[in-house]
Structures are given as structure tokens and as C-alpha cells.
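Okay, here's what each chain looks like letter by letter:
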Amino acid sequence: MRFASLGSGSKGNSTIIEAGSTVVLVDCGFGIRSLTTRLLARNVVPEQITAILITHEHSDHWKGVEVLSAKFNIPVYLSAGCFKARNISVDSKNFHIIDSHTDFVVGDLNVTPVPVPHDAREPVQYVFTDGMVRLGILTDLGHYTPHVISVYSQCHGLLLEANYDEEMLAMGPYPRFLKDRVSGLFGHLSNRQALDLLKKLDLSYLQRLLLGHISDKNNDTNIISELLSTADLGGTAITFADQDVGSDWQELG
Ligand SMILES: [Zn+2]
Ligand SMILES: [Zn+2]
């Protein structure tokens, strides 16, 4: 299995996961032209996409979903709350409502949806396995729950949100209400909270850690690196996904 961020941050998020001939896109917060370019940079064409899985309805995760699905006839999996939160403007026959508490299968991948606290209608994040390795995708998380700790333990790959540095957010340009939203129980994980979560997870299998949804106004990858150096991450390869480029393919063996 391998995965890559196609771009991550408040201006758009999308992650690609490949296992055998199965290609899954998690979210599509980019317009179709931008998405196609980002796919091509990783030698993928939209026709190869098996399914699009949605975490929640915020536009940085949704922007290109309807057009991409309609143009290439790609099934979309999403929670009932997310479906309701969006007035789907295209023929909705490609949209499949999942049970947020029940695993489902997409091609060669078993998918575990994980309900998470975030200010959306019925947000979920996902853990994937091809039977050999496990990959967790975890962004847009207000705070971590016991369920999150249990499901995201023993992953071989992890895309984790490290959204903001607490001091930079407090001192930064955001208006009060936005600072409160981001740092609240249903907002985003700070670097410190991401580190706390990492310390609680069983990371004994973790090969690759990809940090994402990093704020360009309220964070700095040097600060994240410094914090991570205090955690015992063994031989785990650490990469940052950015807004413009995302990341290279992350291979899980
Ligand atoms: Zn987001
Ligand atoms: Zn969000």
C-alpha cells in the first residue's frame, strides 16, 4: 500500500491511497483541473480512481467532489449527516451513505470510518487496511477521544493533523471568533495536542508519519520538528504535507 497527500491545508485537502489496482481518494478540496494536475504529478489519471471517501462537508474537503464524481462516474462514500449538509447539485446516484460505525470494503481495501469531534454534521476520519498494513488518516480533529486512540493504534502509516502552534495562534492575525473556533473542542489539533496523541498511540508498527493540515498563518514546521524530537518515534520517517504540493508517495512495506 502507498499513500500521498495531494495538498493539505485550509485551502484544500485531498489524499490518495493505492493498494493493488484500488485507488481511493479521501476528500477533494481542489477544483478538477488542479486535482488532475496533482494526480498526474504522481502518475495517476482520474479514470483510475475507484472511489472518493469524504470526511466532512467543509469546502476545503469538498470543493471538487461533485464535478469529479459526475465527470468520471466515480462512487462517493459519505456519512448521512454530510450528505444532508450538502445540497448535492449533481445526480446523486453515485453517492453512497455509510454507517459511521461500520467497516466497509472498497476494492482491495477494508475501510474503518471513525466518528470524530469537529464542527461539521457527521464528520468521520478513516483507517484503511489491505490485510497487511494499516493506514490512518486523521485531520480536522477538535480533540482526541478514547475511540480515536484505540482505532489509530498499531498503524503502519499515519497522516496526522498538526494545525497550529498555540502561541502563534494566540498572537496571530485571526479574529477572536476564529481563534476560538480553531482551538475549541470541535476545531483542530494543535502541535502539542498532536504530540500528546502520538504519545498515547501504540506506534510500534509506525513506518511513516505524514503531518498535514498545517496552518500557513499559525504554524511553522520547525516548531513541529522540535516538538516531535521529544517523542520516541524510533525509526519512523517524518514528512510534512504542504498546501501547494502535498507530499511524495509514502510506501508502506
Ligand atoms: Zn479541513
Ligand atoms: Zn473541517
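Description of the structure in this document.

What counts, and where the lines are drawn
Residues numbered from 1 in each chain as written. Chains lettered and ligands numbered in written order. Predicted model: local features only at pLDDT ≥ 70, side-chain atom pairs only at ≥ 80, totals over all residues. Heavy atoms only, no water. Donors = N, O, S within 2.8 Å, 3.2 Å for Na, K, Ca; no water. Helix = DSSP H or I, 4+ residues; strand = E, 2+ residues; numbered from the N terminus. Buried < 20%, exposed > 50% of the residue type's maximum accessible area, 1.4 Å probe, protein only. 1 Å grid on protein atoms, 1.4 Å probe; cavity = no way out; pocket = protein on both sides within 12 Å on 5 of 7 lines; lining within 4 Å. Points joined across faces, edges and corners; volume = space filled by probe spheres on them. Nonpolar A, V, L, I, M, F, W, Y, C, P; charged D, E, K, R; others polar. Tetrahedral: all angles 85-135°; square planar, octahedral: opposite > 155°, others 65-115°. Pairing = 2+ DSSP bridges. Axes fitted to C-alpha atoms, helices over the stretch in contact; angles between N-to-C directions. Contact = heavy atoms within 4.5 Å. Core = buried A, V, L, I, M, F, W, Y, C linked by side-chain atoms within 4.5 Å.

Side note on the coordination of the zinc ion (ligand 1)
- Bound to the zinc ion (ligand 1) on the protein side are Asp60 (OD), His61 (NE2), Asp140 (OD) and His213 (NE2), at distances that span 2.2 Å.
- Sequence spacing among the residues donating to the zinc ion (ligand 1) works out to D-H-x78-D-x72-H.
- If you look at the zinc ion (ligand 1) and the zinc ion (ligand 2), they sit 3.5 Å from each other and are both ligated by aspartate 140. A residue pair is termed long-range when its members are at least 10 positions apart, and histidine 61 in helix α2 (residues 59–62) and histidine 213 in the loop between β12 (208–212) and α9 (221–228) qualify at 152 residues.
- Taking the relative accessible area as the measure of exposure, histidine 61 reaches 1% and is therefore buried.
- By relative accessible area, which is 3% here, histidine 213 ends up buried.

Re empty space enclosed by the protein
- Evaluated as defined, the whole model comprises 2 cavities of 30 Å³ or more.
- Its boundaries defined by the atoms lining it, the largest cavity holds a volume of some 80 Å³.
- In terms of lining residues, the largest cavity is bounded by 14 residues, among which Asn13, Thr15, Asp27, Thr139 and Leu159 are the most central.
- Here the residues of the lining of the largest cavity sort into 3 nonpolar, 10 polar and 1 charged.

A look at the coordination of the zinc ion (ligand 2)
- At 2.2 to 2.5 Å from the zinc ion (ligand 2) lie its protein donor atoms, namely His56 (NE2), His58 (ND1), His118 (NE2) and Asp140 (OD).
- Classification of the site at the zinc ion (ligand 2) rests on its 4 donor atoms, whose angles at the metal span 89 to 170°, yielding the label irregular.
- Linear spacing of the donor residues for the zinc ion (ligand 2) on their chain is H-x1-H-x59-H-x21-D.

Thoughts on the sheet that holds strand β10 (residues 134–138)
- If you trace the 7 strands from one edge of the open sheet to the other, you get β7-β8-β9-β10-β11-β12-β13, paired in mixed fashion. Strands at the two margins of the open sheet, each flanked by one partner only, are β7 (104–106) and β13 (237–240). Direction aside, the axes of adjacent strands within the sheet are offset by 25° on average.
- Pairing analysis gives 4 bridges linking β12 to β13, with the strands arranged parallel. Counterpart to leucine 211 in the pairing with β13 is phenylalanine 240.
- Seen against the sheet, helix α8 (residues 191–200) touches β10, β11 (157–161) and β12 and runs at an angle of roughly 150° to β11.
- Here α9 sits on the sheet in contact with β12 and β13, set at roughly 160° to β13.

So, the nonpolar core
- Counting residues in hydrophobic clusters, the biggest one holds 28 residues, and the most contacted among them are Tyr152, Leu160 and Leu197.
- Looking at this core, the elements with two or more residues in it are α5 (146–151), β11, α8, β12 and α9.
- For this core, the leading source of residues is α8, giving 4 residues.
- The contact partners of leucine 197, leaving out residues within four places of it in the chain, are Leu138, Leu141, Tyr144, Val148, Ile149, Leu160 and Leu189.

Function cannot be read off these values alone, since they describe shape.
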